[in-house]
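Examining the three-dimensional arrangement
Each chain is listed here by its residues.
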Amino acid sequence: MTQIRHLTQPVPRRPGELGVHSLDRFNFSVPDVEEARKFYANFGLDLREENGALNIYTHGHPHRWGSVVEGPRKKLQYISFGAFEDDLPRFRERLEALRVERIDAPPGAESNGLWFRDPDGTPIEIRVAEKSSPNEKSSVESISSPGGVAGAPSRSKAPIVQPRRLAHILVFTRDIPNAIKFYSEVLGLRLSDRSGDMIAFMHGIHGSDHHVIAFVKADGPGLHHLSWDVRSIHEIGLGAMHMADKGFSRGWGLGRHVLGSNYFHYVRDPWGSYCEYSSDVDYIPVDHDWQAGDHPPEDSFYVWGPTPPQDFAFNYEVKP
Ligand SMILES: [Fe+2]
């Protein structure tokens, strides 16, 4: 299937520049994997037990977006970025030139890539992988019924939402400028937008959403949220309602962000971090040079929505 897609749709690639094309996968530990299975299955994701890990897929999509493993506490273990195969030797040279120390792959990690640590100490991999970031802006559905036809299903017949793909992750960092510098120079990501030294969003140079990874300032590293792309605002609402029905009613939404423009609803997970239903995020095509802005915080967090929970940006991985 993937091969056929490649024959019909060439993968976009910015000529002559070195950068990762996708956030390939995340890995984090939790003390109770069963609790994770329940949460993410209800969220609409496809969970598979493979090689001692709980792997996270989206229904109908071949890519493995991430893994949850058992550990003493919830902790971001590593992030892998995908690169084109012929770029890997150039990344190896770049790591040497920048004197970034290479490390061994973490225990249990399947790897074909280059491992090192980011400034917060989180293991990072650049690996050869298919481009899993979208090659064009993801579609958004707005379905209206004609006159004389009821548009909404009854509550009991409302479908269970199944996100299409991982959209991005947001991680904590001690130092936003340092994170921007490192992820630009080493991984070849580009700054999309920032709000001072509090939050920053970065995209891939070979065509990606407005952000594949974002950073928010905290006392140490950690995973703030995983964001999943859904087809419409209607699906965001359906997902949020379903999660509330299953006991996961805490969160933040419905709202619309300024930076990235996506509509959102965040569901709080059992560890004090979040899973986001996201729709209509901005897209940065391969041949477009996005003008990064530095936005005042009071004017860039959300256009509309309820007041966020007071501890929304609190890093429970550092201070449980
Ligand atoms: Fe997000």
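Structure's up top.
As a starting point, this report considers the structure included with it. Residue indices begin from 1 for each chain and proceed along its sequence in written order. Thresholds applied to this predicted model are a pLDDT of at least 70 for local features of residues and 80 or more for the giving and counting of side-chain atom pairs; totals over whole chains, interfaces and linings are not thresholded and use all residues. Note that water and hydrogens are dropped before the side-chain values are worked out from all heavy atoms of the structure.

Concerning the overall build of the protein
To be explicit about the condition: Secondary structure is summarised from DSSP: a helix means a run of H or I of at least four residues, a strand means a run of E of at least two, and numbering begins at the N terminus for each. In this description the radius of gyration comes from C-alpha coordinates, and the expected globular size is given by 2.2 Å times residues to the power 0.38. Only protein chains enter the accessibility calculation, which uses a 1.4 Å probe; a residue whose area is less than 20% of its type maximum is buried, one above 50% is exposed, and one in between is partly exposed. Positive: Lys, Arg. Negative: Asp, Glu. His and the chain ends are not part of the count. By convention, the point assigned to a charge is CZ for Arg, NZ for Lys, CD for Glu and CG for Asp.
When its secondary structure is counted, the protein shows 5 helices and 19 strands. Relative to a compact globule of 320 residues, whose C-alpha radius of gyration would be 20 Å, the protein shows 19 Å and is just as compact. Structurally, the protein occupies a C-alpha span of about 65 × 45 × 45 Å along its principal axes. With 320 residues in all, the protein has 53% of them scored as buried. With 35 positive and 43 negative side-chain charges, the protein shows a separation of 2 Å between the mean positions of the two kinds.

Observations concerning the pattern of salt bridges
Note the following rule: When a carboxyl oxygen of Asp or Glu lies within 4 Å of a side-chain nitrogen of Lys or Arg, that pair is called a salt bridge.
Scanning the model with the defined rule gives 24 salt bridges in all. Where Asp24 meets Arg127, a salt bridge forms, and the shortest distance between an N and an O atom there is 3.3 Å. Taken together, the positions of Asp24 in strand 1 (residues 22-30) and Arg127 in strand 7 (residues 123-128) put the pair 103 residues apart, joining distant regions of the chain. Between Arg90 and Asp87 there is a salt bridge, with its nearest N and O atoms 3.2 Å apart.

Some remarks on the packing of aromatic side chains
We apply this condition: Under the pairing criterion, centres of Phe, Tyr and Trp rings, with the six-membered ring standing for Trp, must be within 6.5 Å; the plane angle then separates stacked pairs below 30 degrees from edge-to-face pairs above 60, leaving the rest tilted. Note on criteria: charge over ring means Lys NZ or Arg CZ within 6 Å of the ring centre, with the direction from the centre no more than 35 degrees off the ring normal.
In the structure shown here, the tally under the stated rule is 27 aromatic pairs. Each ring, one from Tyr274 and one from Phe312, has its centre 4.8 Å from the other, and the planes form 45°; the classification is tilted. Of this pair, Tyr274 sits in strand 16 (residues 274-279) while Phe312 is found in the segment after strand 19 (302-304), placing the two residues 38 residues apart along the sequence. Accessibility classification places Tyr274 together with Phe312 in one group, the buried group. Counting every residue linked through ring pairs, the aromatic cluster contains Phe26, Phe28, Phe39, Tyr40, Phe43, Trp228, Phe248, Trp271 and Tyr277. For the cation-ring pair, Arg48 lies above Tyr57, with the distance from its terminal atom to the ring centre recorded as 3.7 Å.

Quick word on the pairing of strand 2 (residues 46-50)
Applied cut-off: We treat two strands as partners when DSSP finds at least two bridges between them.
Sheet topology places strand 2 next to strand 3 (residues 53-57); 5 bridges connect them, and they run antiparallel. The residue bridging Arg48 from the neighbouring strand is Asn55, located in strand 3. Hairpin connection of strand 2 to strand 3: 2 residues between the antiparallel strands, including Asn51 at a positive phi of 50°.

Quick look at the sheet that holds strand 7
Under the convention used in this document: Fitted lines through C-alpha atoms give the axes, limited to the stretch in contact for helices. The angle between two N-to-C directions lies from 0 to 180 degrees.
Taken in spatial order, the 7 strands make up an open sheet running 2-3-4-1-5-7-6, and their pairing is mixed. Either end of the sheet is taken by a strand with one partner, and the two such strands are strand 2 and strand 6 (114-117). With strand direction ignored, the average angle separating the axes of adjacent strands in the sheet is 25°. One ladder, built from 4 bridges, connects strand 3 with strand 4 (residues 64-70); its direction is antiparallel. Considered in strand 4, the bridge of Asn55 is made with Ser67.

Quick look at the coordination of the iron ion
What counts is decided by this rule: For Na, K and Ca the donor cut-off is 3.2 Å, and for all other metals it is 2.8 Å, counting N, O and S atoms only; because water is absent from this set, sites may look incomplete.
Protein coordination at the iron ion comes from His168 (NE2), His225 (NE2) and Glu276 (OE), with a distance range of 2.1 to 2.2 Å. Sequence spacing of the donors to the iron ion: H-x56-H-x50-E. Taken together, the positions of His225 in strand 13 (residues 222-229) and Glu276 in strand 16 put the pair 51 residues apart, joining distant regions of the chain. The exposure class of His225 is buried, given its relative accessible area of 2%.

Description of unusual backbone geometry
Most peptide bonds take the trans form, and the phi angle of most residues other than glycine is negative. Residues Gly253 and Leu254 are joined by a peptide bond in cis, for which omega reads -10°. Not every positive phi belongs to a glycine, and Asn51 is a case in point at roughly 50°. With respect to the secondary-structure elements, Asn51 resides in the loop between strand 2 and strand 3. The backbone phi angle of Ser261 is positive, close to 70°, even though this residue is not glycine. Within the secondary structure layout, Ser261 lies in the loop between strand 14 (251-257) and strand 15 (263-268).

Overview of the sheet that holds strand 16
So the rule is basically this: Residues are treated as being in contact if the distance between any of their heavy atoms lies within 4.5 Å.
Taken in spatial order, the 10 strands of this open sheet run 18-9-10-12-8-13-16-15-14-19, and their pairing is mixed. Because the sheet does not close on itself, it has two edges, and the strands there are strand 18 (293-294) and strand 19. Summarising the sheet, strand 13 and strand 16 pair through 5 bridges and their orientation is parallel. In the strand pairing of strand 16, His225 is matched with Tyr274. Helix-sheet contacts for helix 5 (residues 233-245) involve strand 14, strand 15 and strand 16, and the interaxial angle to strand 16 is about 155°.

Overview of a nonpolar patch on the surface
Cut-off, in case you're wondering: Each patch is built from residues lacking any salt bridge and having more than 30% relative accessible area; the joining distance is 9 Å for like charges and 5 Å for nonpolar side chains (Val, Leu, Ile, Met, Phe, Trp, Tyr). Each accessible area value is a Shrake-Rupley result obtained with a 1.4 Å probe; residue values ignore everything except the protein chains displayed when judging cover.
A grouping of Ile233, Leu254, Val303 and Trp304 is seen on the molecular surface, where their side chains present a nonpolar patch of about 340 Å² in accessible area. Following the sequence through the fold, Leu254 ends up in strand 14. Residue Leu254 is classed as partly exposed on the basis of its relative accessible area of 33%.

As for the nonpolar core
Rule in force here: For the purposes of this section, nonpolar cores are sets of buried Ala, Val, Leu, Ile, Met, Phe, Trp, Tyr and Cys residues that join through side-chain atoms within 4.5 Å.
Core analysis: the biggest nonpolar cluster contains 60 residues, and Tyr40, Leu187 and Ile213 have the highest contact counts within it. Each residue touching Tyr40, except ones within four places of it in the same chain, is listed here: Phe28, Leu45, Leu47, Ile56, Val68, Leu226, Asp269, Trp271 and Cys275. One finds Phe172, Phe201, Ala214 and Ala218 within the second-largest nonpolar core, a separate group that totals 8 residues.

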